[in-house]
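Understanding the architecture of this molecule
These are the residues of each chain, in order.
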There are 4 protein chains.
Amino acid sequence: MAKQNVINAQVSPKGSLEVLSHREVQQLSEAGSGSIYQLFRQCALAILNTGAHVDNAKTILDAYKDFEVRIHQQDRGVRLELLNAPADAFVDGEMIASTREMLFSALRDIIYTENELGDLQFDLASSSGITDYVFHLLRNARTLRAGLEPKMVVCWGGHSINTEEYKYTKKVGHALGLRKLDICTGCGPGVMKGPMKGATIAHAKQRMNGGRYLGLTEPGIIAAEAPNPIVNELVILPDIEKRLEAFVRVGHGIIIFPGGAGTAEEFLYLLGILMHPENRELPFPVILTGPRSAAAYLEQLDAFVGATLGEAARGYYRIIIADPDEVARQMAEGLLAVKRFRRERNDAFHFNWLLKIEDSFQHPFDPTHANMAKLALRKSSPPHQLAANLRRAFSGIVAGNVKDKGIRLIERHGPYEIHGDREIMQPLDQLLQAFVEQHRMKLPGGAAYVPCYRVVS
Amino acid sequence: MAKQNVINAQVSPKGSLEVLSHREVQQLSEAGSGSIYQLFRQCALAILNTGAHVDNAKTILDAYKDFEVRIHQQDRGVRLELLNAPADAFVDGEMIASTREMLFSALRDIIYTENELGDLQFDLASSSGITDYVFHLLRNARTLRAGLEPKMVVCWGGHSINTEEYKYTKKVGHALGLRKLDICTGCGPGVMKGPMKGATIAHAKQRMNGGRYLGLTEPGIIAAEAPNPIVNELVILPDIEKRLEAFVRVGHGIIIFPGGAGTAEEFLYLLGILMHPENRELPFPVILTGPRSAAAYLEQLDAFVGATLGEAARGYYRIIIADPDEVARQMAEGLLAVKRFRRERNDAFHFNWLLKIEDSFQHPFDPTHANMAKLALRKSSPPHQLAANLRRAFSGIVAGNVKDKGIRLIERHGPYEIHGDREIMQPLDQLLQAFVEQHRMKLPGGAAYVPCYRVVS
Amino acid sequence: MAKQNVINAQVSPKGSLEVLSHREVQQLSEAGSGSIYQLFRQCALAILNTGAHVDNAKTILDAYKDFEVRIHQQDRGVRLELLNAPADAFVDGEMIASTREMLFSALRDIIYTENELGDLQFDLASSSGITDYVFHLLRNARTLRAGLEPKMVVCWGGHSINTEEYKYTKKVGHALGLRKLDICTGCGPGVMKGPMKGATIAHAKQRMNGGRYLGLTEPGIIAAEAPNPIVNELVILPDIEKRLEAFVRVGHGIIIFPGGAGTAEEFLYLLGILMHPENRELPFPVILTGPRSAAAYLEQLDAFVGATLGEAARGYYRIIIADPDEVARQMAEGLLAVKRFRRERNDAFHFNWLLKIEDSFQHPFDPTHANMAKLALRKSSPPHQLAANLRRAFSGIVAGNVKDKGIRLIERHGPYEIHGDREIMQPLDQLLQAFVEQHRMKLPGGAAYVPCYRVVS
Amino acid sequence: MAKQNVINAQVSPKGSLEVLSHREVQQLSEAGSGSIYQLFRQCALAILNTGAHVDNAKTILDAYKDFEVRIHQQDRGVRLELLNAPADAFVDGEMIASTREMLFSALRDIIYTENELGDLQFDLASSSGITDYVFHLLRNARTLRAGLEPKMVVCWGGHSINTEEYKYTKKVGHALGLRKLDICTGCGPGVMKGPMKGATIAHAKQRMNGGRYLGLTEPGIIAAEAPNPIVNELVILPDIEKRLEAFVRVGHGIIIFPGGAGTAEEFLYLLGILMHPENRELPFPVILTGPRSAAAYLEQLDAFVGATLGEAARGYYRIIIADPDEVARQMAEGLLAVKRFRRERNDAFHFNWLLKIEDSFQHPFDPTHANMAKLALRKSSPPHQLAANLRRAFSGIVAGNVKDKGIRLIERHGPYEIHGDREIMQPLDQLLQAFVEQHRMKLPGGAAYVPCYRVVS
């Protein structure tokens, strides 16, 4: 990456004025605590890169090695001083308002995480403690708003989809927006951006000033998937598990667009939770959709679910091809059921307390050979446990194929051994193969797809 | 046009609640006064057709012959009852908010025009009386807002441009919106829509809730160029001259995108006014712009101005090719000059009182053979008078080529005789020829272009 | 009155920015039209005197002979320049916001009256024309707001009541405010101020930001009864008849506190309208109230109504002594009936179209000997006509006793001859006598009360 | 106290919607944790008693023994269920909005205190830890608003002053409000209410919607000094020391009205802090004021300060008698100095970080005989230390005279022995004597004033 245009600037929060204590300002200063400063600097750089079209974290960090951010206490609140910041975040020398807001959101969440996470108050070993922590972080970010109807629609899918698929996500966003629904995504480009853009135009047509475009991210991914500037609420969760939990507790329904291995893994995470017996009666609209050209992809995903988790699993979602209005109509109807249910059970509209998430979904899965060997992918398991394990297997296989650490493990110890039924492993194989063919999963060096596991029955 | 989906509905104004007197309600009822009712019905139908992609007034009127609108006095204000209304104006049975707003804007302006136009208060024979009338109509529509900085950018250009040009207008709108500028157009599709759409996204990024998308239209054109749903302020002026005056008194700068004969005529109208000696010191930023592919078009227009009105005329505008950011930057700078000038002269930011508009620009030009013969297109005339006459000649030639009435006049009486210098008429000829070649002016039956005039020196 | 503290200042409207045309600015300038300028100067002076405790129009005008107001067109709207203005309208050199608002309200109404009153649009000879005019003036002042529930309570009564009565009006205002009701008065001191003050505190307790304190006044009285600074909507009607019509069409209920002859006359005006047969089914809550010490006064008024207009007349109001909460509760209940009625009849909440006002109430009564002689106060008349005549007789008698012009007429021609029944004239006599004894009607020079009329049976 | 009118009701927060976690709801339920529930019940009862004129905590608690409050999680947020609540908090069955708001403020602060106070995050043993805690509690209550100018004026003084003094506080509040200043008090009746009431009227005149009436209280005093309903921001600090620190860190200037021993103690607390050498350059406007009739009282207080802390101490405040406008003008000027200073030093407008408060002022003083004997009231001490000790002596003497625990200590062990110079003790004696004579300090049983201490030189 060539030498970048940079700019020095001072920014103060407008609108969302942040008030910090002396100690918090101190923590964030470079001298205060190296780690917090580094974390904030990295998130800030990602946010400032919003306007640009680079999408590799390392590239960005390298391109702006001289970037520095300093925090100052001032009469009217805090002020950030930016040195050698990406010029694209500014218009005629003034920072774009959404970027400024996101900088202060990052500040807020990083301070909160730092000060509260080690806190006596939260028992992060227990499932309810983790949920409580997610709740508090979201509340501190003012994401939980009592009094609002259920209308937050989560959109999942790939961040590097093709133009036709991208346009389709805009149309779906537009159809959702016309129905006054809000959008929540992982806050990067692609599927993370299209629905928000469509909804923005639709909300303008509906004269809705308070439309919400909620982006949930994490420090590890924000640089690679810089929040798009439509996002008007940004929350940085400390890790992927808490971020996923935030999605399913804050969202009232989920739309899954085409995507790669990550999207499929999220889909299995969701099915694993929804199929838990305690969640049986809990309504949670899930729609898989894409343009005509993505029909084959969606059908294969559907077939995979049917083949592995059983026909019942297919009842947890609908597939709608090339019909944005129908997607929005079905979602709106599904949300009415969510509303009725929460009202009857006295559950909050703003946080899905009643959703049971087993702690196996709240802790990260480390795909070592030992952990992979412990998985048992049997048709005879209860479907929600199978889904959980399948998600883990999937996670491991993806790692073994494309992630640094996974590839090195495979090189050293040979393929993973997975104890599983052939009726399960074979569809998985086919699905991954298809991802590669459709350029949805990039193998290192463009190599041919070779399974990194073998089945032990 | 096939049988349309229709819907019956009741709508009340929200937000912009309109309060009518008994007499006004009576006037608008079908029984009250046929002509006002018909006018309102026609505008309402055009507005309700916003969502659809038809663009011929007659087609729409024919397609919804059974459409009726009734007005009722209610406890909380007036209510409209719509029968057999186009279904596209509704989402799941509820009218889109912007459409609802525009319906009530039409109501407001038609009632105002009806009650005040015949009024003693306005002397519509005098130039200042017409200006006063335009002022009052705009004020009644709450378009004139004291206290706002000069930032209303008028965008002129064709309503049926190609995709590349349309995308370019969105980009320019986005660049203007990032600079927190507002957009005013003729409120139909094409150039009337693109800049508003781009600005909407940019205003969302800048967290501007009050972005203005002002549409100025007239009853005669609203059906053919239905207001796009981004428009959040709609004003219906009674005729084209008052509408043009509204553009130049309310707008603080003008961007001209590629368009057909109408656009060129507007450009000449603007030059004719700006070149008036009394307007010499008055800053008024004008930018001609388009994508790379439109460069030839813009250069030809520029050459035509140079050849006919002289080099000095070319100093009233800039041409910027394929650089949306530069367009926006130049416009923003130009607006600063406008602001300084109005402040020094104590002229209102919200209405350009100091702009001199001769009454020749305030009254319609009727292109009869007699009127055409009276024009004298001489290089020796003062440039602003030549511009005025050129605009009239242009108007007549366009009529003679493509308008029903003009074509019939030519058939009956032969070509117009225009007294003009050859150095003026020849470039005009070439310009019109180019419009035809670029499909910017459609000749009846696709005929070859034949001049409908001859020069008498 | 001693030499006053004066100040020179410039004020621009904030919040309610007024936008004027060149012609309007011209009309208001001293050079433009002497009469409008004088009218505005006089109203402006009264408004600026809001803070002071003078209550004689002439005194004020004399005390600020050098006061001048100039109007300037500026970049951001109009600006007023004040010379030798009363210093009390300013706090540390800055004009109090409510005063500034009222200045611009006066500007608005005077311009409207000037430009529209002579208008073809309004037929001021007809009853419906006058009503239409009142509607338009109120609408132009943005007083008519569609969508609001009926909750505007008019408070009538004396402007120079005693401390106990004043405190009582504050308590009633507080009780009304706690029920989220709005207040409308004649906008001066005494009963015109107390209820607004009480309601302000109560609205603050109820966290209502939009509480309305509507003051209706007229140029002839504004100087003597300067609007109190709580008023947040000021409307200047051109004369007393239009002002009274505005009260009964905009107010949803009326509370009558103790007052002098003027208050009694208003009460008769109201009864005359409510007793009209066409208004028989129309709900209109009217409550007479005061502290314990005012009980005798209210009872005498009540007895007078019973004796003259008959027992039925007493059914149009209630009397509540020393119970602010009960007053507010009864009023709130009465307003519910108003709401139901308007909903059923499709009448607007914001303007009482269905109230029949005969044109005898819309034109002023001139108390000459001839006009007084034409009155026939007969028990045998229909009660609403008797009420109308009684109001006129009352008006004449008050004039004959205390008004300059009336006193001189009596001196020249002897007492009025009134053709009336003794059962009517005697209670009238007693009522007037009581007003004098209670210091509610000041006779010139403190003279003993001598009837200025004689009854001819 | 007789049997009270009670009411059962359900209330939800409006506007300030509170979002609680499952754990927080659980803590507050009666079953959850007795102590939190009791604390909240007691505060809620005090708040509900706002409207009534009782002012003894015990009386209230006894009068509403059956009062219960239950908290429920609901779809739109939490809901409170009240059983046997004081009827005066309701208007026609609906809770007054300010009362509802305060209930939820109490909820918020009690939950925060409970969860965070025992927290690792705060080192309550250190001075900076206590300050940090106060900051966090205020921030959580949204009291610290970046971006606002310094304009929070603290008003201290007695809660049971006479009518003349009460009216005077209203006038001062009005004069402050006209200058757009905000009011902060201890949130009960008397001086805690008058300035807020006056400011409410003045803010209405200035069309200020966002006027702040901040009440700082503590659980131990809220029942005796129920927040007046004008308070629109209520914060409950856990104890008197944190409450006093909140006053001086959030307030930008302080006005001291007549009051009893408590007021004098607060005055000494303030002087002790302001006289600290590190605060020498820090501007902090302090004004003592009262009506003409309170002049003697204020002069005596002034004389006492001069006699004990030296002439220099008198430089830290001004005395203004019977001139509300002058008080407001001086305060407004003082605030400008505060603004300049904070800007120069980069201190926050919303929190007075630079004010040095020694930890002796942050911990309670327990007036045992041993602690009293340790005090050394010497003219030779540095004035700020003498002020600190004097405040402690004062606190002990007041306790020995009027507080249960103090009186019993004196009965058991005889008078306190205070080591002090006679030039200090004698004025103290006289001041206390005067308080008794002016009915500002009530002795048990109306006994004559007998010093409860003796001086040991």
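Residues numbered from 1 in each chain as written. Chains lettered and ligands numbered in written order. Predicted model: local features only at pLDDT ≥ 70, side-chain atom pairs only at ≥ 80, totals over all residues. Heavy atoms only, no water.

Put simply, the test is: UniProt positions are given in the numbering used here, feature names are shortened, and annotations may be inferred rather than shown by experiment.
The name that an unreviewed UniProt entry assigns to chain A is AMP nucleosidase, with the source organism given as Pseudomonas typographi. According to the UniProt record, the Catalytic activity (unreviewed entry) comment for chain A reads "AMP + H2O = D-ribose 5-phosphate + adenine".

1. A word on the relation of the copies chain D and chain C
There are two copies of the chain, and a rotation about an axis plus a shift along that axis relates them. The following threshold applies: Superposing copies: least-squares fit, C-alpha atoms only, residues required to have pLDDT of at least 70 in both. What makes two residues a contact is simply this: any of their non-hydrogen atoms within 4.5 Å.
The operation relating chain D to chain C is a screw motion whose rotation component is 180°, with 0.0 Å of axial translation and a residual RMSD of 0.1 Å. The superposition of one copy onto the other is thereby described by a two-fold rotation axis. Relative to the rotation axis, the C-alpha of D:Asn209 is the closest in chain D, positioned 3.2 Å from it. Interface residue correspondence from chain D to chain C reaches 100%, placing this contact among same-surface, isologous pairings.

2. What about the domain arrangement of chain A?
Residues and elements named next belong to chain A. What counts, and what does not: What counts as a domain boundary in this text is fixed by an automatic or database domain assignment. Buried area is calculated as the accessible area (1.4 Å probe) missing from two parts once they are joined, with the contributions of both summed. Every case where a carboxyl oxygen of Asp or Glu lies within 4 Å of a side-chain nitrogen of Lys or Arg is listed as a salt bridge. Numbering goes from the N terminus for both helices and strands, where a helix is a DSSP run of H or I of at least four residues and a strand is a run of E of at least two. All residues other than Ala, Val, Leu, Ile, Met, Phe, Trp, Tyr, Cys, Pro, Asp, Glu, Lys and Arg, Gly among them, are scored as polar; the first ten of these are nonpolar and the last four charged.
On domain assignment, one finds that chain A holds domain 1 (6–120) and domain 2 (122–457). Between domain 1 and domain 2, a total of about 2,100 Å² is buried, with carbon and sulfur atoms accounting for 61% of that surface. Where domain 1 meets domain 2, there are 0 salt bridges. At the level of elements, α2 (34–48), α3 (57–63) and α4 (97–116) are the ones that each hand at least two residues to the side of domain 1 that touches domain 2. Looking at which element gives the most residues to the side of domain 1 that touches domain 2, the answer is α4, with 10 residues. Looking at side-chain class alone, the side of domain 1 that touches domain 2 contains 11 nonpolar, 5 polar and 6 charged residues.

3. A word on unusual backbone geometry
Residue and element names in this part refer to chain A. Note the threshold: When a residue's accessible area, from a 1.4 Å probe over protein chains only, is under 20% of the maximum for its type it is buried; when over 50% it is exposed; and in between it is partly exposed.
Even without a glycine there, the phi angle at Arg142 is positive, about 60°. Judged by its relative accessible area of 48%, Arg142 falls in the partly exposed class. Residue Lys180 is not a glycine yet carries a positive backbone phi of 65°. For Lys180, the position within the fold is in the loop between α6 (163–178) and β7 (182–185). Exposure remark for Lys180: the relative accessible area of 29% places this residue in the partly exposed category.

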